[in-house]
Amino acid sequence: MSQPKISVVAIEGLHNSGKSTQIAGLYSNLKKEGILVVVLRGHGFRSGVGLDIGDPISSWWQRNYPLFIEAGKKGGDFFMDSESKAANKLYQEFFDIKYSLSQKMKRLGFNKAMILLDRSVVSRLFIWQGHSKNPNYKDLLSFTYKNTHDKKTKIMPIPDLLIVLNVSQRVLLKRNKDKSERKDKILLNERIILNRYQDYVELINNLPKDIQERTFIINAGKSKTAVQKEILKLIRTQLYLR
């Protein structure tokens, strides 16, 4: 009998590349294949109100999310301080959930489980490089883990598989325009797509070796079904989850 294994897959991409849609599809399809699946936010902010699978209820996030949004409007060091605080919390949640998932696997007799991350280290590198920073990615993965007894430094692992949803700038702008979201959010996303699209393309094609060797870039301008099939094929072939 194979040893129980928790695989970690991150879905990366710019705004409107289809991350949420593909993650929802993967969650459903992988569960049908008998794999225990958990979706987590891997980078950025979440509201903590429990309205989707990657945003479980959390009083910490409910308390801090409005502060992070305000810091984002101010920009500069205000935003970067909030980004670091949020990343530290997300990393801690990852370790806590991974431990709980391993216990659940033993209890229910599962030998396959997966954590699907909505964004990860690629998105974090993109943010830091956009704020005139040139960080060592390993520094960005180091964080202070806190529990009831003590604090200690841990390293957030690079996902086993990183899948970048690559979409043309033209398609991203059209998708952004067609979205029914707050006007300020649409305008922010538009600025990022217009001003930093080429930066993102350069980043994903020149990632550090440890990240690059686990990264696959796919054309996400195709139909949702075609993209989902390609991602599932990558998961099965690269992670041996046949």
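Residues numbered from 1 in each chain as written. Predicted model: local features only at pLDDT ≥ 70, side-chain atom pairs only at ≥ 80, totals over all residues. Heavy atoms only, no water.

### Brief notes about the overall build of the chain
Operational definition: Helix and strand assignments follow DSSP, with helices taken as H or I runs no shorter than four residues and strands as E runs no shorter than two, numbered in order from the N terminus. Burial here depends on accessible area, computed with a 1.4 Å probe over protein chains only, as a share of the maximum for the residue type. Under 20% is buried, over 50% is exposed, and the range in between is partly exposed. Computed by Shrake-Rupley with a 1.4 Å probe, the accessible areas treat only the displayed protein chains as cover when residues are assessed.
The number of helices and strands found in the chain is nine helices and seven strands. Across its three principal axes, the chain shows a C-alpha extent of roughly 50 × 45 × 35 Å. Across the 242 residues in the chain, those meeting the buried criterion constitute 43%. As displayed, the chain has an accessible area near 13300 Å², and 51% of this comes from carbon and sulfur atoms.

### Quick notes on unusual backbone geometry
When glycine is set aside, most residues are seen to have a negative phi, and most peptide bonds are trans. Within the chain, Asn 16 stands out as a residue other than glycine whose phi angle is a positive 75°. The topology assignment puts Asn 16 in the loop between strand S1 (5–12) and helix H1 (19–32). Exposure remark for Asn 16: the relative accessible area of 9% places this residue in the buried category. Backbone geometry at Arg 119 places phi at a positive 80°, although glycine is not the residue there. For Arg 119, the position within the fold is in the loop between strand S3 (112–118) and helix H4 (121–129).

### Quick notes on the sheet that holds S3
The cut-off we apply is this: A pair of strands counts as paired when DSSP detects no fewer than two bridges linking them. In this analysis, axes come from line fits to C-alpha atoms, helices being fitted only over the stretch in contact, and the angle between any two N-to-C directions falls in the range 0 to 180 degrees.
Ordered by their spatial adjacency, five strands build an open sheet running S2-S3-S1-S6-S7, and the pairing between neighbours is parallel. Two strands close off the open sheet at either side, each with one partner strand: strand S2 (36–41) and strand S7 (215–219). Here the strands of the sheet are splayed against their neighbours by 20° on average, with no regard to which way each runs. Here four bridges tie S1 to strand S6 (residues 161–166), and the two strands are oriented parallel to one another.

### Notes on the packing of aromatic side chains
Going by this rule: Here a Phe, Tyr or Trp ring, Trp counted by its six-membered ring, pairs with any other such ring whose centre lies within 6.5 Å, and the pair is stacked when the planes are under 30 degrees apart, edge-to-face when over 60, and tilted otherwise. Criterion for a charge above a ring: Lys NZ or Arg CZ within 6 Å of the ring centre, and within 35 degrees of the ring normal.
If you walk through the whole model with that rule in mind, you get 11 aromatic pairs. Arranged with centres 6.4 Å apart and planes meeting at 70°, the rings of Phe 95 and Tyr 145 form a pair that is edge-to-face. Here Phe 95 is found in helix H3 (residues 76–108), whereas its partner Tyr 145 is found in strand S4 (residues 142–146), with 50 residues between them in sequence. Where Phe 126 meets Tyr 200, the ring centres are 5.1 Å apart and the plane angle is 90°; that geometry is what we call edge-to-face. With a gap of 74 residues between them, Phe 126 in helix H4 and Tyr 200 in helix H7 (residues 183–204) connect regions that are remote in the sequence. The exposure class of Phe 126 is buried, given its relative accessible area of 8%. Stacked on the ring of Phe 126, the Lys or Arg Arg 196 has its end atom at 3.9 Å from the ring centre.

### Observations concerning the pattern of salt bridges
Rules: By salt bridge we mean one thing: a side-chain nitrogen of Lys or Arg within 4 Å of a carboxyl oxygen of Asp or Glu.
What the rule picks out here adds up to eight salt bridges. Asp 178 is the salt-bridge partner of Lys 174, the closest N and O atoms lying 2.9 Å from each other. Residue Lys 174 and its partner Asp 178 are both found in helix H6 (residues 169–178); the two are separated by four residues, about one turn of the helix. Using a relative accessible area of 53% as the deciding quantity, one classes Asp 178 as exposed. Note that Arg 196 and Asp 199 form a salt bridge whose closest N and O atoms lie 3.2 Å from each other. Of this pair, Arg 196 and Asp 199 are both found in helix H7, three residues apart, which corresponds to roughly one turn of the helix. You can call Asp 199 partly exposed: its relative accessible area is 35%. Each of the salt bridges in this network shares a partner with another, and the network as a whole consists of Arg 46, Asp 55 and Glu 93.

Function cannot be read off these values alone, since they describe shape.
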